[in-house]
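Structural characterization, general
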Amino acid sequence: MFKFLIPILLAFSFPLEALSGQFGLEMGDTKKDIEKKGVKLIDVGDYYFMTYKVPKSNSNLKDYALMITPNNGLCQIMTATENFPTNSFGSSIKDKFNFFENLLSKKYGEKRKSDYLASGSLWTDRNYWTMGLLQKERVLSAEWNSSYGSKLPQNNVNNILLRAGATDVSTGLIAIQYRFSNYSACNEEYENAQSDSL
């Protein structure tokens, strides 16, 4: 699950508050801060921590991956739906993606959407839609950023990415990634830590 989320990122009664509040977590929260909020963190390496419950969790989101560095604290939240069945045309993936896209657009406004198949891909037929997604040759995503005219929340979130994915040709999921304004500093901290070990 998180191998998919880290490189990248439902019930139709999904509450808007769960998407707009960043799950009761704040930019710069330390590991200790988050654990004091009752969150059990599992270290999965490279400053990423996995949890199944956050202060403002939602039953329709299964997993959460938090990037927390020693010097900059929390800088990224990634979460995903449970896996759900789909067909070779990706019908349920598209439906669930559209639901989230509409919900987020109502809240945050303008976005940049990507919906394409990579040049040269073999999976051009409609009945290979899910296979293209599985092979990472098809992209279905939407991104909210102030540079696109998005109205992002006043809590230091500066980028939101919604992305469709597949774990096999009959199973899909939807991932959402929130990046705080300290993400660049976190990423630099991670890169410095990696270079120090060389």
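Report on the accompanying structure. Computed from a predicted model, the values in this text were never measured in an experiment. (Residues numbered from 1 in each chain as written. Predicted model: local features only at pLDDT ≥ 70, side-chain atom pairs only at ≥ 80, totals over all residues. Heavy atoms only, no water.)

**Overview of the overall build of the chain**
What the chain contains, in helices and strands, is 6 helices and 9 strands. Per-residue burial over the chain gives 47% buried out of 198 residues. As displayed, the chain has an accessible area near 10000 Å², and 47% of this comes from carbon and sulfur atoms. (Helix = DSSP H or I, 4+ residues; strand = E, 2+ residues; numbered from the N terminus. Buried < 20%, exposed > 50% of the residue type's maximum accessible area, 1.4 Å probe, protein only. Areas by Shrake-Rupley, 256 points an atom, 1.4 Å probe, with all protein chains shown as cover.)

**A short note on helix H6 (residues 183–196)**
Taking 1.5 Å per residue, 14 residues should reach 20 Å; H6 reaches 20 Å between its end C-alpha atoms and fits that length. Within the span of H6, buried status applies to Tyr183, Cys186 and Glu189. Buried positions in H6, seen along its axis, are confined to an arc of 120° and lie on one side of it. Pointing more than 90 degrees away from the buried face of H6 are the exposed residues Ser184 and Asp196. (Expected span 1.5 Å × (residues − 1). Arc of directions from axis to C-beta.)

**Digging into the packing of aromatic side chains**
On inspection of all chains with the given rule, the structure shows 5 aromatic pairs. When the centroid spacing of 5.3 Å and the interplanar angle of 70° are considered together, the rings of Phe23 and Tyr64 count as edge-to-face. Taken together, the residues span a long stretch of sequence, with Phe23 in the loop between helix H2 (16–20) and helix H3 (31–36) and Tyr64 in strand E3 (residues 61–69) at a distance of 41 residues. Look at Phe23 and you get buried, because its relative accessible area is 1%. (Phe/Tyr/Trp six-rings, centres within 6.5 Å; stacked < 30°, edge-to-face > 60°.)

**Focus on a nonpolar patch on the surface**
A surface patch of nonpolar side chains, about 280 Å² in accessible area, is lined by Ile42, Val44 and Tyr52. Here Val44 falls in the partly exposed class, since its relative accessible area comes to 42%. (Patch = residues over 30% accessible without salt bridge, like charges linked within 9 Å, V, L, I, M, F, W, Y side chains within 5 Å. Salt bridge = Lys/Arg side-chain N within 4 Å of Asp/Glu carboxyl O.)

**Overview of helix H4 (residues 91–108)**
For H4, which comprises 18 residues, the first-to-last C-alpha distance of 25 Å matches the rise-based estimate of 26 Å (1.5 Å per residue) to within 8%. Those residues of H4 that fall on the buried side of the exposure criterion are Ser92, Ile93, Lys96, Phe97, Phe99, Phe100, Glu101, Leu103, Leu104, Ser105 and Tyr108. Two residues or fewer after H4 comes Gly109, characterised by a positive phi angle close to 80°.

**Structural notes on the state of the cysteines**
Inspection of the entire model under this criterion finds 1 disulfide. A disulfide bridge connects Cys75 with Cys186, and the sulfur atoms are separated by 2.5 Å. Between Cys75 and Cys186, the S-S torsion sits near -125°, and that sign places the bridge as left-handed. Of this pair, Cys75 sits in strand E4 (residues 73–81) while Cys186 sits in helix H6; the two residues are 111 residues apart in sequence, bridging distant segments of the chain. (Disulfide = S-S within 2.5 Å.)

**Considering the pattern of salt bridges**
For the coordinates displayed, the defined rule picks out 5 salt bridges. For Lys37, the salt bridge identified is with Asp29, shortest N-O distance 2.8 Å. Assessed through its relative accessible area of 34%, Lys37 is described here as partly exposed. Owing to a relative accessible area of 9%, Asp29 belongs among the buried residues under this scheme.

**Let's talk about the side chain of Glu101**
Positionally, Glu101 belongs in helix H4. In this structure Glu101 comes out as buried when scored by relative accessible area, which is 6%.

**Structural notes on the environment of Tyr52**
Its location among the elements puts Tyr52 in the loop between strand E2 (48–51) and E3. Accessibility expressed as a relative area gives 48% for Tyr52, which makes it partly exposed. Taking the C-alpha atoms as reference, Tyr52 lies 8.0 Å from Lys40; in sequence the two are 12 residues apart.

**Overview of the side chain of Gln76**
Here Gln76 lies in strand E4. Owing to a relative accessible area of 1%, Gln76 belongs among the buried residues under this scheme. A polar atom in the side chain of Gln76 sits 2.6 Å from the side chain of Arg179. When sequence neighbours within four positions are dropped, the list of residues in contact with Gln76 reads Tyr48, Ala65, Leu66, Met67, Gln177, Tyr178, Arg179, Phe180 and Tyr183. (Polar contact = N/O pair within 3.5 Å; in protein donor to acceptor, adjacent residues only side chain to side chain. Contact = heavy atoms within 4.5 Å.)

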